[in-house]
Amino acid sequence: MTTQLTTTQTKAWRNAVFLVFALPGLALATWVSRLPAVRDSLDIRIDQVGILIFGIAAGSIVGLLLSSHIVARLGARRTILVAMIVCSIGLALAGVGATFGPVFGVTFAGLLVFGFSSGITDVAMNVSGAANERALGKAIMPIFHAFFSFGTMIGAGLGALAEYVGLPIAVHLGILAVVMIAGTIIAYPFLQNENIGADGQVSEDAGHQTWRDRLGIWRDPRTVLIGLIVLAAAFAEGSANDWLALAMVDGHHVENATGALVFGVFVTAMTAGRLGGVVLLNRFGRVPVLRASFVLAAAGLLVMIFVPNPWVAAAGAVAWGLGAALGFPIGMSAAADDPRTAAARVSAVATIGYLAFLAGPPLIGFLGEGVGILNALLVVLVLCAIGALVSYAAREPQRTARAEAETDTFVDPGIPSA
C-alpha cells in the first residue's frame, strides 16, 4: 500500500524536523553551560568531571548501536517521541542529582540515560530528516543540522543567563526538560513515515528487515566508506570544539577571551556553511562539495597552525569551520538514501562517526603534550585527506544511475558482457 504526501504535509514535516533537531542542541548546550556549577556543587575533581562526561559518551554509543532495531520496531516518528521524552527525564535527573544531596551517582545515572536516549534520537531524527529530503526532492539536511547549532547557541545563552541570576541547576534543567517534552509533542503530529521513496510515495511495506539484515549492513563496503566520511567530518568538527580555543591561547599567545571568541567565530562559520551549503549541494551534488569542503578545512587548518599572526590564524579558523560544516549532514543523507536500509545504515555510520568524539580529544591531548597543541592538530589533516578520497561513496543514487546509463550507451553490443 502506498500513499502520496501533499506539499503542505511535506513542508509541515520539514518544519517539525527543524524543531526536532534544535531541541537536542538546546539540551546539550544547557548541560555544558552548567558544567562548572555542577563541578562546584558536587565538589569533584577534574578527573571525576571526565567520568561524568564519559557517562554521556558511553550512553550515546550504546544508544547508537541499538537505534536501528528500535527504529525498525517503532518507526522514526514514534522513536523520536519516546527517546526525546526519556532524554528529558535523564537531563532532569542529572539536575536533581547535582542539586539535592548532591549525589554524584544520581547525576551520572541521569547523564547515562541522557546519552543513551540522545544516541537513539540522533539516528531517528537523521532518518526522518533524510526521508523529508527525499520527499522535497532537494538537499536540506545541512539546514537541519544548522538548527541543531541554533539550539546550542540558544542553550549556551540561556545557560549564561541562568548562571548570572543564580538559578539552581535542578530548576534550570527541569525547565529545559519540560520545554523539550512540549516541543516534541508539538512536532510529533507533523512527522511522517520515513519509508518514502524518491517518487514521493510512502510505502507501508518498506523497511521491514530482520535483525540479521540490520547487522549485515556493516558488511556493506559503502557503509564503511560513508562512515569514514562522517568520521573525518566529526574529527574536524570535534577537534575544534575541544581544542581550538586552547590552541589559540597556547599556540598563538592570545588572551583567554580572544581564544573563546575565535571558537565562537568557528561555530558561526559552521552554521553559516550549513545554511548556505544547500545551494552548492543542489547545484553541484554531494561528491564535488564534499571534496571541496575537506580541502577548504585542511587549508584553513594549515593557516591556523602555521601562520603566526593571530588574526590571520583566526581567518584560517573561519575556513576550517566552513570546510567542516557539511561532511556530517551529507554523510547522514547518503546513509539514508535507501529507505529499506536507512535506519540500519544511519546507525552504523553514526557509530563510526562518534568514534571521533570518543578518541579524538585524548589522541590530540596526548600528542599535544609531546609536540605542542598546534602540531598535534596536524592529525586532523590526515582525516581530511581520507574523507576527500572516499567522498565518491556519498554519490546520489540518481547520479549513479545516470552515470551507469551513460556508460552503457558506449558498450559495443557485439561484445558479450562478462
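Novice: Run through the overall build of the protein, naming residues and quoting values.
Specialist: Within the protein one finds 16 helices and two strands. Computed over C-alpha atoms, the radius of gyration of the protein comes to 22 Å, within 12% of the 22 Å expected from 2.2 N^0.38 for 418 residues, which places it in the range of a compact globule. Its C-alpha atoms give the protein principal-axis dimensions of about 75 × 50 × 35 Å. Of all 418 residues assigned to the protein, the portion counted as buried reaches 50%. When contacts within the protein are restricted to residue pairs at least 6 apart in sequence, those whose partners lie at least 24 apart make up 83%.

Novice: Quick one: what's the story with helix α5 (residues 141-165), residue by residue and with numbers?
Specialist: Between its first and last C-alpha atoms α5 spans 37 Å; for 25 residues at 1.5 Å apiece the expected length is 36 Å, and the two agree. Looking at α5, one finds that the buried residues are M141, P142, I143, F144, H145, A146, S149, G151, G155, G159 and A162. Those residues of α5 that are buried are in contact with α1 (7-33), α4 (104-136), α6 (169-187), α9 (256-284) and α12 (327-335). Where α5 ends, the next residue or the one after it, G166, has phi of about 75°, a positive value.

Novice: Report on the packing of α9 against helix α11 (residues 310-324), specifying residues and quantitative values.
Specialist: One way to put it is that α9 packs onto α11 with a least axis distance of 7 Å and a crossing angle of 35°. Of the two possible hands of crossing, α9 and α11 adopt the one that is right-handed. Each of V262, V265, F266, A269, M270 and G273 in α9 lies in contact with α11, whose residues at this interface are A314, A317, V318, W320, G321, L322 and A324. By residue class, the composition of the contact of α9 with α11 is 11 nonpolar, two polar and no charged.

Novice: I'd like to hear about the confidence of the model for the protein, residue by residue, with values.
Specialist: Should pLDDT be low for a region, the predicted coordinates there are not to be read in detail. For the protein, per-residue confidence averages 87 on the pLDDT scale, and 91% of positions sit at 70 or higher. Per-element averaging of pLDDT across the protein places helix α16 (residues 397-409) at the bottom with 51 and α6 at the top with 97. Contacts for the low-pLDDT stretch residues 406-418, under 50 throughout, to residues beyond four places or in other chains number zero contacts.

Novice: Pulling in residues and values, what's your account of unusual backbone geometry?
Specialist: Residue P102 follows G101 across a cis peptide bond; omega there is -25°. Positionally, P102 belongs in the loop between α3 (46-99) and α4. For D43, which is not a glycine, the phi torsion comes out positive at approximately 55°. Along the polypeptide, D43 turns up in the loop between α2 (35-42) and α3. On the accessibility criterion, D43 (67% relative accessible area) is exposed.

Novice: Hey, could you go over the packing of aromatic side chains for me, with residue numbers and the actual values?
Specialist: Scanning the entire structure with this criterion turns up five aromatic pairs. An angle of 20° between the planes, with centres 5.6 Å apart, marks the rings of F21 and F144 as stacked. Of this pair, F21 sits in helix α1 while F144 is found in helix α5, placing the two residues 123 residues apart along the sequence. You'll find F21 and F144 in the same group, each marked buried. On the basis of an interplanar angle of 70° and a centroid distance of 5.5 Å, the ring pair of F266 and W320 is categorised as edge-to-face. Of this pair, F266 sits in helix α9 while W320 sits in helix α11, and the two are 54 residues apart along the sequence. With relative accessibility at 0%, the residue W320 sits in the buried group.

Novice: Can you explain the side chain of S149? Please cite residues and give values.
Specialist: When you line up the elements, S149 lands in helix α5. Using a relative accessible area of 8% as the deciding quantity, one classes S149 as buried.

Novice: Any details on α6? Residues and values, ideally.
Specialist: For α6, with 19 residues, the first-to-last C-alpha span of 27 Å sits near the 27 Å given by 1.5 Å per residue. Along α6, the residues classified as buried are I169, A170, H172, L173, L176, A177, M180, G183, T184 and A187. What you see down the axis of α6 is that its buried residues fit within an arc of 160°, all on one side. Looking at α6, the residues exposed on the side facing more than 90 degrees away from the buried face are V178 and I186. Looking at the buried side of α6, the elements it contacts are α1, α2, α3 and α5.

Novice: Summarise the nonpolar core; cite the residues concerned and give the values.
Specialist: Generally speaking, soluble globular proteins have nonpolar side chains that are buried together. Judged by nonpolar contacts, the single largest core of 112 residues is most densely connected at L244, M304, W320 and L377. Per-element tally for this core: the top contributor is helix α8 (residues 221-252), with 16 residues. Sequence-distant contacts of L377, defined by excluding residues within four places in its chain, comprise S239, W243, A247, L301, M304, I305, W320 and I364.

Novice: Account for the environment of R14, with residues named and values stated.
Specialist: Along the chain, R14 turns up in helix α1. Note on R14: relative accessible area 23%, which makes it partly exposed. Once the C-alpha coordinates of R14 and N132 are considered, the two residues, 118 residues apart in sequence, prove to be 6.3 Å apart. What R14 contacts, discounting residues up to four positions off in sequence, is N132, L136, I140 and F144.

Novice: So what about the pattern of salt bridges? Which residues, and what values?
Specialist: A complete count under the given rule lists seven salt bridges for this structure. In this structure, E163 and R34 form a salt bridge, with 2.9 Å as the shortest nitrogen-oxygen distance. In this pair, E163 sits in helix α5 while R34 sits in the loop between α1 and α2, placing the two residues 129 residues apart along the sequence. According to the relative accessible area criterion, E163 is partly exposed, its value standing at 35%. Judged by its relative accessible area of 3%, R34 is buried. The closest approach of N and O atoms between E237 and R274, which form a salt bridge, is 3.4 Å. In this pair, E237 sits in helix α8 while R274 sits in helix α9, placing the two residues 37 residues apart along the sequence. The class of R274 is buried, set by a relative accessible area of 4%.

Thresholds, definitions, all that
- Residues numbered from 1 in each chain as written.
- Predicted model: local features only at pLDDT ≥ 70, side-chain atom pairs only at ≥ 80, totals over all residues.
- Heavy atoms only, no water.
- Helix = DSSP H or I, 4+ residues; strand = E, 2+ residues; numbered from the N terminus.
- Rg over C-alpha atoms; globule rule 2.2 N^0.38 Å.
- Buried < 20%, exposed > 50% of the residue type's maximum accessible area, 1.4 Å probe, protein only.
- Contact = heavy atoms within 4.5 Å.
- Expected span 1.5 Å × (residues − 1).
- Axes fitted to C-alpha atoms, helices over the stretch in contact; angles between N-to-C directions.
- Left-handed = near helix turned anticlockwise from the far one by under 90°.
- Nonpolar A, V, L, I, M, F, W, Y, C, P; charged D, E, K, R; others polar.
- pLDDT = per-residue confidence, 0-100.
- Phe/Tyr/Trp six-rings, centres within 6.5 Å; stacked < 30°, edge-to-face > 60°.
- Arc of directions from axis to C-beta.
- Core = buried A, V, L, I, M, F, W, Y, C linked by side-chain atoms within 4.5 Å.
- Salt bridge = Lys/Arg side-chain N within 4 Å of Asp/Glu carboxyl O.

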